[in-house]
Amino acid sequence: MEVFCDLHLHSCLSPCGDDEMTPWNLVGMACVNGLSLIALTDHNTTRNVPEAIEAGKEYGVAVLPGMEITSKEEAHILGYFPTLEDALAAGDEVYDCLPAIENDPSLFGNQLIKTTGDQDGGILSKLLINATSLSVDEVEALVKRHNGITVPAHINRGHNGMIGALGLMPFLPQFPIVEVSAGLDCPAYATKGRFQLHSSDAHRLEDVQGPVFSLQLEEATPEAAFRFLKSIYG
Ligand SMILES: [Zn+2]
Ligand SMILES: [Zn+2]
């Protein structure tokens, strides 16, 4: 079946994400926008994924556990996981690889954890948008160790896209799936033979995408979505 999705979204836990991007608001907006599947991919943490999954059960939106990891080369790499447990373990390990630099909310924004129906669940203190100490290869290995798959984010956008960060997109068989930003040029070699994801990277509710990108899945569940992506990854 055709499943409309947005697989790159930030919540209020990402400092650059709006405080209004609570898990319940975010999933509610995805539902209104006609999406059956989303992934929550905060910067270097997965601590708001549990609440997004809870909201998803209520709204009938499948939530694939995810995270956007910043490598030491400043490349943004999405990790997708088969289970919440895998995602939480990977998220905590990535968080530990961030430098011990505190977030200044007045400069960078709040880092809000939400729990039990969007109630305040505390904050994360280390600045989440810093680069981790992990190289691109180490990010891949970490995600793999937690049974996940890696997808370079917005490869054709800015210095945090892999092309900008590394100067060149690594060649296949590395990264058989890539996320490509719509409306920006992307060199043909970087996507040749690769499966492309198109997501919003929304940091504000109004930027969550509508039914513009879909996957062909057996069913609209996070398990089916992960199985599909994993089958491409090999
Ligand atoms: Zn990014
Ligand atoms: Zn992002």
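Quick note: structure is the one above.
Residues numbered from 1 in each chain as written. Chains lettered and ligands numbered in written order. Predicted model: local features only at pLDDT ≥ 70, side-chain atom pairs only at ≥ 80, totals over all residues. Heavy atoms only, no water.

## Considering the pairing of strand E4 (residues 76-80)
This is how it is decided: The rule is simple: take the accessible area with a 1.4 Å probe, protein chains only, and divide by the maximum for that residue type; under 20% is buried, over 50% is exposed, in between is partly exposed. Secondary structure is summarised from DSSP: a helix means a run of H or I of at least four residues, a strand means a run of E of at least two, and numbering begins at the N terminus for each. When DSSP finds at least two bridges between two strands, those strands are taken to pair.
When you tally the buried positions in E4, you get 5 out of 5 residues, the bulk of the element. Across 5 bridges, strand E3 (residues 62-70) lies against E4 in antiparallel orientation. For methionine 67, the partnering residue across the bridge sits in E4 and is glycine 79. Where E3 folds back onto E4 in an antiparallel hairpin, the turn is made up of 5 residues, including glutamate 74, whose phi is positive at roughly 75°.

## A look at helix H2 (residues 49-59)
Each full turn of the α-helix corresponds to 3.6 residues, which orients residues three or four apart in the same direction. In plain terms, the rule: For this analysis, residues touch if any pair of their heavy atoms sits within 4.5 Å.
What H2 keeps buried is the set Val49, Glu51, Ala52, Ile53, Ala55 and Gly56. Buried positions along H2 lie against helix H1 (23-32), strand E2 (37-40), E3, helix H3 (84-96) and strand E5 (112-115). Directly beyond the C-terminal end of H2, a positive phi value near 70° is found at glycine 60.

## A look at the packing of aromatic side chains
What counts, and what does not: Each Phe, Tyr or Trp ring (for Trp, its six-membered ring) is paired with any other whose centre lies within 6.5 Å, and the angle between the two planes then decides the class: stacked below 30 degrees, edge-to-face above 60, tilted in between. Whether a charge sits over a ring depends on NZ of Lys or CZ of Arg being within 6 Å of the ring centre and within 35 degrees of the ring normal.
The tally for this structure, following the rule as stated, stands at 3 aromatic pairs. Pairing phenylalanine 171 with tyrosine 189 gives two aromatic rings, centres 5.8 Å apart and planes at 50°, and the pair type is tilted. Of this pair, phenylalanine 171 sits in the loop between helix H6 (162-166) and strand E8 (177-179) while tyrosine 189 sits in helix H7 (residues 188-191), placing them 18 residues apart in sequence. Of the residues examined, tyrosine 189 reaches a relative accessible area of 29% and is grouped as partly exposed. Where phenylalanine 195 meets phenylalanine 228, the ring centres are 5.5 Å apart and the plane angle is 75°; that geometry is what we call edge-to-face. Highlighted residues: phenylalanine 195 in strand E9 (residues 195-197) and phenylalanine 228 in helix H8 (residues 222-233), separated in sequence by 33 residues. The ring of tyrosine 95 carries the charged tip of lysine 126 above its face, separated from the ring centre by 4.9 Å.

## Examining the sheet that holds strand E10 (residues 214-216)
Where we set the bar: Axis definition: a line fitted to C-alpha atoms, over the contacting stretch in the case of helices. Angles run 0 to 180 degrees between N-to-C directions.
Strand order in the open sheet formed by 6 strands is E7-E4-E3-E2-E1-E10, with mixed pairing between adjacent strands. Where the open sheet ends on each side, the last strands, each with one partner, are strand E7 (149-152) and E10. Averaged over all pairs of adjacent strands, the angle between their axes in this sheet comes to 35°, without regard to strand direction. With 3 bridges connecting them, strand E1 (residues 2-9) and E10 associate as antiparallel partners. Bridge pairing links glutamate 2 to glutamine 216 in E10. Where H2 meets the sheet, its contacts fall on E2 and E3, and the angle it forms with E3 comes to roughly 155°. In the packing of helix H5 (residues 136-145) onto the sheet, the strands contacted are E3, E4 and E7, and the crossing angle to E7 comes to about 145°.

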